[in-house]
Amino acid sequence: MTNVIDRLAVFVDAHRQSGKCPKEALDVMRLCLLDWAVVGLAAEQEAITGSILGYANDTGGEGSSSLFFGEGQRLARTAPRLAALVNGTISHTLDFDDTHFAHIGHVSTVVFPAALAMAEAENGDLQQLVQAALIGAEVATRVGVWLGRSHYQAGFHQTATAGAFGAAVAAAVSTSDVTAAAPLRIVAGMAAGLKQQFGTAMKPMNAGMAAAHGVESVLLARHGLDGSQEAADGAQGFGNTHHGENDLSAFDTLGQAWLFPDVTHKFHPCCHGTHAMIEAMKSVLGDQSDLTGRVRKIELRTNPRWMSVCNKPAPVDYLEAKFSYTFLAALLLRNGMKSFGNSDMAACFPLDETHRDCMSRVTVIADESVSETAAELVVHLSDGSMLEAYNDLTDPLPLDVRLDKLMEKGRECLGSKADDLWAAIQGDDLKAFTALMRRGA
């Protein structure tokens, strides 16, 4: 069987019917649900959040599916497609959500809004939500691998493209009457998103639109609509027209091994491509409060693929600053190796002379020998000595350690509400979970 959509549909329908997903993968997905809710709720005061909620209030009507902060707005719940759009956008607004480096994008921020919107519409439960999101996330990851680096390097945002296929699956599995094949064929004509939008409100909107496309593809399929059998891998299908590598080996272990549980969580609110640098700096510079007088120069070696993503040399606001090695290194030099948030980044604009001076001390070097998930640093100190550091984000984190770090992140963002969210997830209490989500921080 070579048809990509047929292969994916067989996998999806087999696992939705048996309900047998690996416990370890489901455990990771529950952590992802916690993190997804935390980063969505932490975006309450963001301008993008206000804008997308305003759009929902202007265009939407009452429905079954919960909105972030819905109890503070005219709409607490709305139609599934609009809810997926809103929640996907809000949960990616901080760019603080998980990343899968094989997929080359963000997955939870797309599959959870789609799965939740349909789960509430279908009176599903939290266990079903987690399973639907996991199956959708695995499909998104496999499609991301199938499309490959050439797709990403051509300028496509995998969160929005491969992610839309995962959202369609997550939404379909949340229903009792729609199989996966037709939604996958339909969503192939919808999936879209550009890296050119990074640093603008359209980056989180890409996630929201992918989630919404996934829901819409299921609703259309329910009414008998369908797409081409070769929508993914035909001569003018999605892969060929979107610079995909079309690597069918991406599906060799589908149904036998799961790729999504290798997902990496973020512990800093900026592009994941910068995190290895941040962790490397933290490992050698300690917790001093101001390093501007101690550090003379930093040489950063990073994989070339990040040069078009994270190497913005002159960011004009904090949204662009999330994608700037030099800005973030300068922020750490000025503030010390402590946690930082959007407000810390926003407070730096307009950039003053001290920040510009710190940025000028950072040299970014593209090096093919450095893994895509790693960073190498040489820190030159004012006393003439040097410090060397290396970090790889894919070094394994045991599940309990990952939970501890996510709870620490959640409490920093939301206080004790993070504990309430985790209690609802652990108790499989979807109503409690969505009530917390609608209420806000």
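Residues numbered from 1 in each chain as written. Predicted model: local features only at pLDDT ≥ 70, side-chain atom pairs only at ≥ 80, totals over all residues. Heavy atoms only, no water.

Brief notes about helix α18 (residues 430-439)
1) Next: Most of α18 sits inside the fold, with seven of its ten residues counted as buried.
2) Next: Among all positions of α18, only L430, F433, T434, A435, L436, M437 and R438 are buried.
3) Next: Near the N-terminus of α18, the side chain that reaches the backbone nitrogen of K431, with its oxygen 3.4 Å away, is that of D429.
4) Next: Residue G440 follows α18 closely and has a positive phi angle near 90°. (Buried < 20%, exposed > 50% of the residue type's maximum accessible area, 1.4 Å probe, protein only. Helix = DSSP H or I, 4+ residues; strand = E, 2+ residues; numbered from the N terminus. Polar contact = N/O pair within 3.5 Å; in protein donor to acceptor, adjacent residues only side chain to side chain.)

Details of the nonpolar core
1) Next: One finds M29, L33, L34, W36, F165, L421 and F433 to be the most contacted residues of the largest nonpolar core, which totals 107 residues.
2) Next: Non-local contacts of L421, meaning those with residues more than four positions away in its chain, are made with L34, A37, V38, L41, L414, F433 and L436.
3) Next: Listed in part, the 47 residues of the second largest apolar core include F101, Y152, L332 and M337. (Core = buried A, V, L, I, M, F, W, Y, C linked by side-chain atoms within 4.5 Å. Contact = heavy atoms within 4.5 Å.)

Considerations on the sheet that holds strand β4 (residues 362-366)
1) Next: Overall, mixed pairing links the four strands, which are arranged β4-β3-β5-β6 in an open sheet. Looking at the sheet topology across the chains shown, the edges are occupied by β4 and β6 (386-392). Averaged over neighbouring strand pairs, the angle between their axes works out to 15° when direction is ignored.
2) Next: Summarising the sheet, strand β3 (residues 295-302) and β4 pair through five bridges and their orientation is parallel. (Pairing = 2+ DSSP bridges. Axes fitted to C-alpha atoms, helices over the stretch in contact; angles between N-to-C directions.)

Let's talk about the domain arrangement of the protein chain
1) Next: Domains assigned within the protein chain are domain 1 (4-266 + 398-437) and domain 2 (272-392).
2) Next: For domain 1 and domain 2, the distance between their C-alpha centroids amounts to 31 Å.
3) Next: Summing both sides of the interface, domain 1 and domain 2 together bury roughly 1500 Å²; the carbon and sulfur share of this comes to 55%.
4) Next: At the boundary of domain 1 with domain 2, the tally comes to one salt bridge.
5) Next: For E372, the salt bridge is made with R149, and the minimal N-O distance between the two is 2.4 Å.
6) Next: The interface formed by domain 1 and domain 2 contains four residue pairs in polar contact (both at pLDDT 80 or more).
7) Next: Looking at the side of domain 1 that touches domain 2, the element that brings in the most residues is helix α6 (residues 126-153), giving three residues. (Domains from an automatic or database assignment. Buried area = accessible area lost by both parts, 1.4 Å probe. Salt bridge = Lys/Arg side-chain N within 4 Å of Asp/Glu carboxyl O.)

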